[in-house]
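A look at the structure
Listed below are the residues making up each chain.
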Amino acid sequence: MKTSRSTTILINGTVIFLIAIWTIPTIGLFVTSFRDKGSMATSGWWTVFTGNTGTLSLDNYTTVIFGGDGLATAFLNTLAVTIPSVAIPILIAAFAAYAFAWMDFPGKRLFFITVVALLVVPLQISLIPVLKAYLAIDLNGTFLAVWLAHAGFGLALATYLLYNYMSQLPKEVMESAAIDGASHFTTFTRLVLPLSTPALASFAIFQFLWTWNDLLTAQTFLGTDPNVAVLTSRLIGLIGSRGTEWHLLTAGAFVSMILPVVIFLSLQRYFVRGLLAGSVKG
Amino acid sequence: MTGTTIAAAEEPRGLLAVLATGVVRLVVSLVVPVVAFIVLYAGFTFLRDTDAPKIVIVLVAIVWGIGGVAMIYWVANWTVERMPMAWKGRVLPFVFVGPAMAILAFYLLIPTVITTINSFKDASSVEWVGLDNFIFAFTNSDMIIAIRNNIIWLVVGTTLSTGFGLAIAILADRSKLDRLAKTLIFLPMAISFVGAGIIWRFVFSYQPEGQPQIGLLNGVLGGFGIGPVSWLTGEPLNTILLILILVWGQTGYAMVILGAALKGVSDDLLEAGRIDGATEWQVFRRIIIPSIWPTVVTVATTIAILTLKIFDVVYAMTGGAFKTDVIATLQFKQMFGAFDYGRGSALAIILLLAVTPVIWYNLRQFRSRTI
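Quick look at the structure, then.

About the thresholds
Residues numbered from 1 in each chain as written. Chains lettered and ligands numbered in written order. Predicted model: local features only at pLDDT ≥ 70, side-chain atom pairs only at ≥ 80, totals over all residues. Helix = DSSP H or I, 4+ residues; strand = E, 2+ residues; numbered from the N terminus. Rg over C-alpha atoms; globule rule 2.2 N^0.38 Å. Buried ≥ 20, exposed ≤ 12 C-beta atoms within 10 Å, placed from the backbone. Contact = placed C-beta atoms within 7 Å. Core = buried A, V, L, I, M, F, W, Y, C linked by C-beta atoms within 7 Å. Nonpolar A, V, L, I, M, F, W, Y, C, P; charged D, E, K, R; others polar.

When you go through chain B residue by residue, the secondary structure sums to 15 helices and 0 strands. Here chain B has a C-alpha radius of gyration of 30 Å; the compact-globule value for 371 residues is 21 Å, and the former is much larger. Based on the C-alpha atoms only, the size of chain B along its principal axes is roughly 100 × 65 × 50 Å. Within the span of chain B, comprising 371 residues, buried residues form 39% of the whole. The long-range share in chain B, meaning contacts at least 24 apart out of those at least 6 apart in sequence, stands at 66%.

Shown next as structure tokens:
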């Protein structure tokens, strides 16, 4: 398509303008996170570029990570919540998806319809009933409680997506495996799981971002005790209790963002593939 | 099958011997699951009672959690493999599908039933109150504002995210900054709404006139000699501004999906249109839009679901103050602030009823969509 020179300039100008709008708020927070408390409260972050630097240092980061707020602990807690919360539902969903795709059993249709129907349930429905059950068996506040909750809330979508993928695998491959005497378990672990890597990877990235960035599930089932609380709930705590300590909040926000952003940027390809396959939580 | 079965079939033996083999096999089949259970339980008590350093706990937790689930499947399969042939085929599918169905039942199905029942009961789920909670939900003044806000979220959030996404997908394709623009606009999807809330605090921050402004918007206004505006306290402007945070986060999603759909629009069709003398606008309006329409609907419904259930942005930015509450934040307040499980449950059911048709439509659209 031919485009005139002025159109090109107009298009590039608009794109640069949009990039600016999308990134300036984040840059602002990034700059602020290095400023000292005093200058932060008395001048805009953009004045740094006009000579009003004050003290720029890593102090906010060291304070918020290693100081009394101990975001280092929260970071580890978030890892402890997130990694199993990604792996467990994927494993469970993969087994179920395989059964739906390649096994025959009574009630299969009914079970599958149930899975699809449960895609619509917002997690608010489950909070109180699950919380009461957890309290009754003394499970609340443990990592196991959050893992299983995240597994429960992600499982319907994971099963549905993995079923869509696994049922498309070539029938001949399955049949020849069966003829060679492979059990379902062997076919699943040695053949179907490796073949499904793209789908597993896509869903894993999504589940990772949801659980890492989640507030509601962690806040409800793990609580705000600093010993176990995750980054998002600690940050909400900082917002609430420290309206005056924004300098710590800025550094804390970046501590919470660094890992998802790195993973997102390095695995963007799988992420886009997952989006195109419908990986969006209902 | 194992060697013992073959041996048993080949040489006839006394009843006692057959029984003995059977008992041994049964014992072995039971020992493995029991050992597995003991190992899992030991891990659980260790994690519950330990004072080990955080990093050790985290590592043990991860290995125990993931390894435990894998082990359950392995042991269950191992046990089923030891069953007679006829049983094996019948039981094995339930080993595969059972855990998923059990978890879905416990975390979604049963809670939906309980919450539905509780929505017709009083605050402590004891007495039946009929439709009182739902009448409250549609007459209480806070709730009416929340429903109004959710509608604003639905309309403005969905339109802006989808519209910007489409515009950027089209523009970026014609610019050399394609990759950079797409990555930077996509990036907010990786950031939590809590993190996004903190980022945008420094955009909307307000200090009374005369004091130095640390919020970007008021800083810009000041640069033009205009007095500061208290952005987040005046409604309904504050809700619109909160929606911009969602738009900031979701436009990248719309851009990526619609960008992929745009690449699928037939070049021949575009070429034919242009040769016939159609203007670029006519090509866009009459060829591009109809071709990608199913995808536009998928994107719009997906974002619509998100806006109906929106919680984190409001909770992190204003906590629902200044009339910015939405259904999900009021639901949270009823559940965990007022401990009124009746009203909280009714609001959760309203959320469910609001998203259900959109999700069904989205799923049907998704299945018929071609990219």
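Text resumes after the structure shown.
Let us look at the overall build of chain A. Regarding its fold elements, chain A presents 14 helices and 0 strands. A globule of 282 residues ought to have a C-alpha radius of gyration of about 19 Å, yet chain A, at 24 Å, is considerably larger. In terms of its C-alpha atoms, chain A occupies a principal-axis envelope of roughly 75 × 70 × 30 Å. By sequence separation, contacts in chain A at least 24 residues apart represent 75% of the contacts at least 6 residues apart.

Mapping A:L119 onto the fold places it in the loop between helix 5 (108-117) and helix 6 (124-136). Along the backbone, A:L119 and A:L275 are 156 residues apart, and their C-alpha atoms lie at a distance of 16 Å.

Residues and elements named next belong to chain A. Ranked by size, the top nonpolar core spans 183 residues in total, and within it I92 and L162 carry the most contacts. The element best represented in this core is helix 4 (residues 71-102), accounting for 22 residues. Filtering out sequence-adjacent residues up to four positions away, L162 remains in contact with A93, A94, A97, S196, A199 and F203.

Glancing now at the interface of chain B and chain A. In this complex, chain B contributes 82 residues to the contact, which on the side of chain A involves 90 residues. No other element matches helix 4 (residues 85-118) of chain B, which puts 19 residues into the side of chain B that touches chain A. Considering only residue class, the side of chain B that touches chain A consists of 63 nonpolar, 13 polar and 6 charged.

Time to look at unusual backbone geometry. Residues and elements named next belong to chain B. Cis geometry is found at the peptide bond from E235 to P236, where omega equals 0°. Along the chain, the position of P236 falls in the loop between helix 9 (216-223) and helix 10 (237-263). The phi dihedral of S125 is positive, around 60°, even though this residue is not glycine. Mapped onto the fold, S125 is located in the loop between helix 4 and helix 5 (132-139). Within the chain, F339 stands out as a residue other than glycine whose phi angle is a positive 50°. Secondary-structure assignment places F339 in the loop between helix 14 (327-336) and helix 15 (341-368).

Residues and elements named next belong to chain A. Mapped onto the fold, A229 is located in the loop between helix 11 (216-221) and helix 12 (231-241). Separated by 151 residues in sequence, A229 and T78 have C-alpha atoms that sit 7.7 Å apart. Residue contacts for A229: discarding those within four places in its chain leaves A74, N77, L222, G223, T224 and R234.

These values are about where atoms sit, not about what they do.
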